[in-house]
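Listed below are the residues making up each chain.
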Amino acid sequence: PLGLVTIPTIVHVVWSRPEQNVTDEQVASQIETLNRDFRKTNEDVAILPPVWAPVAADADIEFALVDVTRTRTEVAAFDTDDGVKSARTGGVDPVSTDTHLNLWVCQLGGGLLGYAQFPGGPAETDGVVVTYTAFGSTGTAAAPFDLGRTSTHEVGHWLNLRHIWGDDGDGCGGSDFVDDTPNQGGPNYGRPTYPKVSCNNAPHGDMFVNYMDYTDDAAMVMFTRGQAARMAAALRGPRSGLLA
Ligand code: ARG
Ligand code: ZN
Ligand code: CA
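The rules behind these values
Residues numbered from 1 in each chain as written. Chains lettered and ligands numbered in written order. Predicted model: local features only at pLDDT ≥ 70, side-chain atom pairs only at ≥ 80, totals over all residues. Heavy atoms only, no water. Donors = N, O, S within 2.8 Å, 3.2 Å for Na, K, Ca; no water. Tetrahedral: all angles 85-135°; square planar, octahedral: opposite > 155°, others 65-115°. Helix = DSSP H or I, 4+ residues; strand = E, 2+ residues; numbered from the N terminus. Buried < 20%, exposed > 50% of the residue type's maximum accessible area, 1.4 Å probe, protein only. Expected span 1.5 Å × (residues − 1). Near = heavy atom within 4 Å. Polar contact = N/O pair within 3.5 Å; in protein donor to acceptor, adjacent residues only side chain to side chain. Areas by Shrake-Rupley, 256 points an atom, 1.4 Å probe, with all protein chains shown as cover. Nonpolar A, V, L, I, M, F, W, Y, C, P; charged D, E, K, R; others polar.

### With respect to the coordination of the calcium ion (ligand 3)
- Looking at the calcium ion (ligand 3), the protein donor atoms are Trp165 (O), Asp168 (OD), Asp168 (OD), Gly171 (O), Gln184 (O) and Gly185 (O), and they sit 2.2 to 3.1 Å from it.
- Coordination at the calcium ion (ligand 3) is irregular: its six donor atoms span angles of 45 to 172° at the metal.
- The sequence pattern formed by the donor residues of the calcium ion (ligand 3) is W-x2-D-x2-G-x12-Q-G. With Asp168 in the loop between α2 (149-158) and α3 (225-236) and Gly185 in the loop between α2 and α3, this residue pair connects regions lying 17 residues apart in the sequence.
- By relative accessible area, Asp168 is classed as partly exposed at 25%.

### Some remarks on α3
- The end-to-end C-alpha distance of α3, which contains twelve residues, comes to 16 Å, matching closely the 16 Å that a straight helix rising 1.5 Å per residue would cover.
- Among the residues of α3, Gln227, Ala228, Arg230, Met231, Ala232, Ala234 and Leu235 are the ones counted as buried.

### Side note on the coordination of the zinc ion (ligand 2)
- Taken together, His153 (NE2), His157 (NE2) and His163 (NE2) make up the protein donors of the zinc ion (ligand 2), found 2.0 to 2.1 Å from the metal.
- Residue classification places His157 among the buried positions, given a relative accessible area of 7%.
- You can call His163 buried: its relative accessible area is 10%.

### Thoughts on the site of ligand 1
- Around ligand 1 sit 13 residues in total, of which Leu113, Thr150, Glu154, Thr215 and Asp217 are the nearest.
- Here a nitrogen atom of ligand 1 sits 2.7 Å away from a polar atom, N or O, in the side chain of Thr150.
- Protein contact buries 90% of the 350 Å² of open area that ligand 1 shows by itself.
- Here the shell around ligand 1 gets four residues from one element, more than from any other, and that element is α2.
- In terms of residue class, the shell around ligand 1 is built from five nonpolar, four polar and four charged.

Structure, rendered in structure tokens:
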């Protein structure tokens, strides 16, 4: 067992309009949310349908903010093309990706909340990106993505978690390679009511309260034990540089 792992985290704020230059307080609110969600100390875990309480996990991962960089850009909105991750394209380069989480905050275009790079990719683009209106839980954070869960979801990907519905559209053949998440058709949005059945997963149905679904921030409250084990495997394997 790994025990508690603390991930040194660098936040890169990249802004063209002043409100995108989110405050240190807003950055702190995001780190607090990550720490609560990955330690299962989030109070809203209480909304879980009781059937899933036994699999809700403390992932034993914490985040320590070690630096905040601030970069002014001419780019009005960034895309999923990693442009924000390089000074050459109006962003800022990552730092020490073997040993640190790099988290960029900027304006993303097209309604995109965030994106992440899975383990094993190029160092130059390693990390997660979150749009400034879905970052943290104060300041510019806007409902229904104002509880910092976009970063929780994206850091889940960065630690090798797949979407809970198996990334096969609405089909029942895809897998997230985790045993204790139900087989689920497609993504859920908004705030579903229990039970939401798909893919013969009655009576309990989809685990739409999972951070790796697409529901509103107020509806997603848990990782499972299996997801925590998959993240721990990433920390023992391709992300072992994070183990100080
Ligand atoms: N990559 C997803 C998107 O951009 C993030 C979904 C996060 N969901 C949330 N409730 N914050 O759509
Ligand atoms: Zn995702
Ligand atoms: Ca599916």
